[in-house]
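Overview (structure and organization)
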Amino acid sequence: MENKETKVTNSSNITEFMTFELGAMKYAIELPKIKEILTYPDNITTLPNTENWVKGLINSRGEVVPILDIRIKFHTGEIVYNESTTIITVITEDKRMIGIVVDKVDDVQKLDTGLLATVSEMGSGIPAKYLKGFIRLDNNQMLVIMDIEKVVAKSELED
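A short tour of the structure in this document, coming up. Keep in mind that what you see is a predicted model, and the values were worked out from it rather than measured. (Residues numbered from 1 in each chain as written. Predicted model: local features only at pLDDT ≥ 70, side-chain atom pairs only at ≥ 80, totals over all residues. Heavy atoms only, no water.)

So, the pattern of salt bridges
- For the structure shown, the criterion picks out 13 salt bridges.
- As a salt-bridge pair, Glu36 and Arg61 come within 2.9 Å of each other at their nearest N and O atoms. In this pair, Glu36 is assigned in strand β3 (residues 34–39) and Arg61 in the loop between β4 (54–60) and β5 (63–68), connecting sequence segments 25 residues apart.
- When the shortest N-O distance is used, the salt bridge between Glu156 and Lys73 registers 2.5 Å. Here Glu156, found in helix α3 (residues 154–157), pairs with Lys73, found in helix α1 (residues 70–73); they are 83 residues apart in sequence, far enough to count as distant. (Salt bridge = Lys/Arg side-chain N within 4 Å of Asp/Glu carboxyl O. Helix = DSSP H or I, 4+ residues; strand = E, 2+ residues; numbered from the N terminus.)

This is the structure:
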């Protein structure tokens, strides 16, 4: 006889993720990679001769942080800067702090990464090379797990 206890997943696969919206899709980044969540500032220092999705630099607690609007990079829909527009600052494996602009930050969720399914090129507006996969949530909504290391890799920022 099966009871609810047998449905408990291996806790070593449970990871906390910050969920956010880009256009009509929901995405997530591993919580340990996130330093802080900021409202979109008025004072971004623009950089000459950069891609249009490189918004510029901000000072966050004494640290200079490049700001990347991944909504522009990945063409996720109409770009609107309003009270929901948020910057998620992430710390990369090589200790760089980078801010990414998203439409809206949602919540923190614990997810079983053992349930991660691969994303085909047609499954998301973002190319599959920037994604770790997706998880179908209990409400049948798809949550796409972003590979933030690949999105903000130094090679992505070079011409």
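Regarding the sheet that holds strand β8 (residues 104–112)
- Strand order in the open sheet formed by five strands is β8-β1-β2-β10-β9, with mixed pairing between adjacent strands. Edge positions in the sheet fall to β8 and β9 (131–136), since each has one partner strand and no second. Between one strand and the next, the sheet's axes are offset by a mean angle of 35 degrees, whatever the strand orientation.
- As defined by bridge partners, strand β1 (residues 14–22) adjoins β8 across seven bridges and the pair is classed as antiparallel. Across the sheet, residue Glu16 finds its bridge partner in β8, namely Lys110. (Pairing = 2+ DSSP bridges. Axes fitted to C-alpha atoms, helices over the stretch in contact; angles between N-to-C directions.)

Details of the packing of aromatic side chains
- Tallying each qualifying case throughout the model produces three aromatic pairs.
- Between the aromatic rings of Phe20 and Tyr27, the centroid separation amounts to 6.1 Å while the plane-to-plane angle is 25 degrees, which identifies the pairing as stacked.
- What makes Tyr27 buried here is its relative accessible area of 1%.
- Its end group placed over the ring of Tyr81, Arg71 keeps NZ or CZ at 4.8 Å from the ring centre. (Phe/Tyr/Trp six-rings, centres within 6.5 Å; stacked < 30°, edge-to-face > 60°. Buried < 20%, exposed > 50% of the residue type's maximum accessible area, 1.4 Å probe, protein only. Lys NZ or Arg CZ within 6 Å of the ring centre and 35° of its normal.)

Focus on the sheet that holds strand β6 (residues 86–91)
- Pairing is mixed across the open sheet formed by five strands, whose spatial order is β3-β6-β7-β5-β4. Two strands lie at the open edges of the sheet, namely β3 and β4, each paired on one side alone. Pairwise comparison of adjacent strand axes, ignoring direction, gives a mean angle of 30 degrees for this sheet.
- Summarising the sheet, β5 and strand β7 (residues 97–102) pair through two bridges and their orientation is parallel.

A short note on the side chain of Thr89
- Structurally, Thr89 is set in strand β6.
- Of the residues examined, Thr89 reaches a relative accessible area of 0% and is grouped as buried.
- Dropping the residues within four chain positions of it, Thr89 is found in contact with Lys33, Ile34, Lys35, Glu36, Leu38, Val65, Met97, Ile98 and Gly99. (Contact = heavy atoms within 4.5 Å.)

Don't take any of this as a statement about function, it's just geometry.
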